[in-house]
Amino acid sequence: MDLVTGALGKLPSKLLVLLRDEYKLQTGVKDQIRRLTRELESIHATLRKVAQAPPDQLDEQVRLWASDIREASYDMEDIIDTFLIRVDGPPKEPADEAMFKSLMKKMGKLFSLSKSKACHKIAGAIDVLSKQLEEVEKLRGRYTIDDIVHKPAAMTSIDPRLSALYPKASQLVGIDEQRDKLIQMLTEGDHDMQPNQETKIVSVVGVGGLGKTTLVKAVYDKLNLNAPCKAFVPVGQNPDLKKVLKDILIALDKESYMKGFDFNILDERQLIDELREFLKDKRYFIVIDDVWDIESWKIIRNALDDNSLGSKIVITTRKHDVADEAGCSYKLKPLTHKISKILFYGRIFGSESECPAHFSEVSEKFLKKCGGVPLAIVTTSSLLANKSGNIKVWNEVCDSIGSGLGSNHNMEIMRKILSLSYYDLPSHLKTCLLYISIFPEDYEIEKKRLIWRWIAEDFVQHGEVTQSLYELGESYFNELLNRSLIQVADMLVDGTPRSCRVHDMVLELICSLSRQENFVTTVLGDSRQRTPPSGSKKVRRLSLQNTAWPTMEISKLRSIAIFSSAIFSSMTSLSCCHLLRVLDLQGCNLKNLPSLRFVGKLFHLRYLSLAYTDYGGELPAEIGKLQFLQTLDLFWIKIDERPLSNIIAGLRQMICLRVALTRLPNGLRCLTSLEHLREVIVDSACMAEELGHLTQLRMLYVQLRKDKDGRWDESLCTGFLRSLAKLHKIQKLLVVTSSDVAADLEGSVESLGNLSYLHINKTTSLPTWISPASLLLLSYLRITMVQVRTADIRVLGMLQALRYLHVEVSGDIQVLERFIVSHDAFPCAIKCSFFGFSMTPSAFQPGAMPRLEEFKFSIRLKDFTAGKFIGDDLALGHLPSLQSMRVDLLGEQDVSEEVVVEVEEKLKHKADVHRNHPYIEFRK
């Protein structure tokens, strides 16, 4: 699925399915299908070229033609999918083979008649589709391919970013602190008389409009490095590297290279040689602005001679991978609220004190939407400057920002700057980014929820055989983060993003584009509606935000998301949406909804979420007919395992099943495509054995419990371990049990080689299979043990990928002795917790835990009074990245209050003298 080409990419393969003998189509219809397929492939190739062009560089008629083709492709796919469902029918429930044969014999004639009618209908539909395509193709015939491929305008448009090189003094608000920080990074460790100083490179990274160019220009103008050679050169999105190298040479020595030097005779390699030769004995300061890709940076970097004279290079980029490649990355931060107010009010009223009181509230709303992005503040304040006396207009403008409805010269300039990042995306990422416009403003979007929805919409294209669709979708998500188009909202403890947000100005852009392309229709609670530009367009994706059911035609709906706290007592209107693929009701109030039986009619459904809905009714058996369902999210609602068992067996394409501590339903073994399963209760060996059939599982959260009668099945753990040994793709494993099952996992080590997340709630001691040799990828470990040995800590310290560690002692058995964290231990750990009696490290050697930011541990106060812990021996100064500590003080009832105060004061002093002054919290 693609934003510009619609369903065209998938149609040829779907049409070819109809040529199979089982569908018994007439020869003439088959020939028509083949011709249609070839024509669609040709059109698809043409539309891919259209997709590469910004809309303002396309002829209006070409844009309309592309839109008509896209809409037609959706109709074609709907017809084909509906035909295949009618002919093949929903999957049959498992039954006795003889009974099934008998039933089929009786139903044979009726089935054949039904299939014959369906085939007749598809033949008619193919004829209609061919004629529809012919009509659209007549429009195409008026243009040549050259008309469709975008061309630069006759007059070259002015780069809207140029103004950042020559800002007004009034725009340089709040830049001093970041400018001085950047100068410090460039000059730290410099000694003018010291020979052999390496070239220092600093990369400045951030989203478009954050002020990267303005900042580095301020640094360029202020920093005096006694460097005779200086250059400030922009690169851009599609750079001509020969021109970039030429621009650097001219900037370094205009006199020599502007007069009498023929650049035309030099190729790229010769230009690099010329530049290196020029710089080899000179100290230089060069700014390379707006680098978009690693390869361009590598070529430019090779041209800048590393002559050990203490030269400086600064680059700016929107992409984190480019910044990481350049090294010494400085992530540009948004302006503080205080500085934002100075810039905002200064441009409109002169100062905050001059702002009328009744404008204060809406001004704060504007500042929140701008989010500290200078471009957004300057653009918005310029828009409002000549409307400073009209509060009604201010409120209207405020409501339009983030909805894609705003239309103003300044807003268009800002969109153009941000759209550079959008048009640099590959086609599939454009689609994924625009899909985010379905979520409300300021909404925290859970990564997993977003990726599963992308998959259901067919946005995630099949990649390598070893890579699952979810993993591929995760790479899409990470690339949007890398390009600064989405922002991390919350992190998991293993250091991976849990959720994201979109800056209001990026949301403004994607809502505007989504509206133009009829991609998402949004209805807001205040009667505003982000509708397609033409009323004749069909609504295919709908977002309802704090509003009642809309009065619009929704029979072609493919996706719906409802964001509302209202209580829904009926959703019968959805029963006519037979083409629906995504039904996301997460967070809706469904406690008064009597039934979900209408869902059984949505045969195309891929994604169904009832999470956090308070739905109290039974799951209808009709859900088991949804043969295409991939994700079923029932988290945090109460359901009975019996109806769930009746449903599960038919959902053969299920990839993700999420429930809330529900007993494992019968028939789970049929879900051989399942990759994510949480949180199920297993209370019998039979249930445990079913898990072994789910060989595609990558995430498993399971509780091993006693059965309903309170009896422990002795063979349960054995059955679970046998099943686990078959799950070779497991990456995340959480096992909660009252039995020490972890110690017996030795035989499953081979299947755990891909494990990155492991949570074991009970084991006697550290299992021998937890070792650096067997768990190379483990980044998260939470484990509760009866006793911990110093040798265990040494083993854990050698886990090279470990980012999060939580070790807890559940019994009164003490550690044999206090442990030392050695100099090479825990190289990647960011968060570490040691809890339980005597779980206090005696010292951190230099080099230990170099990345540790958050440290939690416990102290037994009587150890302090006995002289076993004095505080000074921890050597917290050897933890260079430490930001916060939490200390649990155990046994305070056994010591005086003076002892408690003394321990706290000693540790507070250690925090105060640490270079980072980490925050410290005490708990008793």
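What you are looking at is a predicted structure, and each value in this text was computed from that prediction instead of being measured. (Residues numbered from 1 in each chain as written. Predicted model: local features only at pLDDT ≥ 70, side-chain atom pairs only at ≥ 80, totals over all residues. Heavy atoms only, no water.)

Asker: Honestly, the overall build of the protein in this entry has me stumped. Any pointers?
Answerer: Helix and strand counts for the protein come out as 27 helices and 28 strands. Scored against the burial criterion, the 924 residues of the protein give a buried share of 54%. At a minimum sequence separation of 6, the contacts of the protein that also span at least 24 residues come to 64%. Here the protein displays about 41200 Å² of accessible surface, and carbon together with sulfur accounts for 51% of that area. (Helix = DSSP H or I, 4+ residues; strand = E, 2+ residues; numbered from the N terminus. Buried < 20%, exposed > 50% of the residue type's maximum accessible area, 1.4 Å probe, protein only. Contact = heavy atoms within 4.5 Å. Areas by Shrake-Rupley, 256 points an atom, 1.4 Å probe, with all protein chains shown as cover.)

Asker: Looking at this model, I keep getting lost on a negative patch on the surface. Mind explaining?
Answerer: Residues Glu295, Asp321, Asp324 and Glu325 make up a contiguous surface patch of negative charge. Per element, the largest residue contribution to the negative patch is 3 residues, and it comes from helix 12 (residues 320–326). Mapped onto the fold, aspartate 324 is located in helix 12. On the basis of relative accessibility, which here comes to 57%, the residue aspartate 324 falls in the exposed class. (Patch = residues over 30% accessible without salt bridge, like charges linked within 9 Å, V, L, I, M, F, W, Y side chains within 5 Å. Salt bridge = Lys/Arg side-chain N within 4 Å of Asp/Glu carboxyl O. Lys, Arg positive; Asp, Glu negative; His and termini not counted. Charge placed at Lys NZ, Arg CZ, Asp CG, Glu CD.)

Asker: Can you help me understand the nonpolar core in this one?
Answerer: When a protein is soluble and globular, its nonpolar side chains tend to lie buried together. The biggest cluster of nonpolar side chains holds 118 residues, and the ones touching the most others in it are Leu583, Leu677, Leu700, Phe720, Ile770, Leu781 and Phe826. Aside from chain neighbours lying at most four places away, what touches isoleucine 770 is Leu758, Leu775, Leu781, Ile783, Val795, Leu796 and Leu799. Of all hydrophobic cores here, the second largest spans 96 residues; its members include Leu335, Trp454, Tyr476 and Phe563. (Core = buried A, V, L, I, M, F, W, Y, C linked by side-chain atoms within 4.5 Å.)

Asker: What should I look at first to understand empty space enclosed by the protein in this one?
Answerer: Summed over all chains, the structure comprises 4 cavities of 30 Å³ or more. In this structure, the largest cavity encloses a volume near 50 Å³. Every residue along the wall of the largest cavity is listed here: Ile436, Phe439, Pro440, Asp442, Tyr443, Ile445, Val502 and Leu507. When grouped by side-chain class, the residues that make up the lining of the largest cavity number 7 nonpolar, no polar and 1 charged. (1 Å grid on protein atoms, 1.4 Å probe; cavity = no way out; pocket = protein on both sides within 12 Å on 5 of 7 lines; lining within 4 Å. Points joined across faces, edges and corners; volume = space filled by probe spheres on them. Nonpolar A, V, L, I, M, F, W, Y, C, P; charged D, E, K, R; others polar.)

Asker: For this particular structure, what's the right way to read the pairing of strand 2 (residues 229–236)?
Answerer: Put simply, side chains in a regular strand alternate between the two faces of the sheet. With 6 of 8 residues buried, strand 2 lies mostly within the body of the structure. The sheet contact formed by strand 2 and strand 3 (residues 284–291) spans 7 bridges and is parallel. The residue of strand 3 that forms the bridge with phenylalanine 232 is valine 287. (Pairing = 2+ DSSP bridges.)

Asker: Just checking my understanding: could you explain the environment of aspartate 273 for this structure?
Answerer: Considering the arrangement of structural elements, one finds aspartate 273 in helix 10 (residues 268–279). Spatially, the C-alpha atoms of aspartate 273 and alanine 303 are 7.0 Å apart, while their sequence positions differ by 30 residues.

Asker: Please clarify how the pattern of salt bridges should be interpreted in this entry.
Answerer: Pairs can form between side chains of opposite charge whenever their charged atoms are close. By the definition in use, this model includes 43 salt bridges. Salt bridges linked by common partners bring Glu71, Asp75, Glu77, Asp78, Lys538, Arg540, Arg558 and Arg581 together as one network.

Asker: Honestly, the packing of helix 19 (residues 447–456) against helix 20 (residues 469–482) in this entry has me stumped. Any pointers?
Answerer: Packed helices, taken two at a time, are described by the angle between their axes plus the distance between the axes. Two elements in contact, helix 19 and helix 20, have axes whose closest approach is 9 Å; the angle formed by their N-to-C orientations is 115 degrees. In terms of crossing hand, the pair formed by helix 19 and helix 20 is right-handed. Judged by residue contacts, Lys447, Lys448, Leu450, Ile451, Trp452, Trp454 and Ile455 of helix 19 engage Leu469, Tyr470, Gly473, Glu474, Tyr476, Phe477 and Leu480 from helix 20. (Axes fitted to C-alpha atoms, helices over the stretch in contact; angles between N-to-C directions. Left-handed = near helix turned anticlockwise from the far one by under 90°.)

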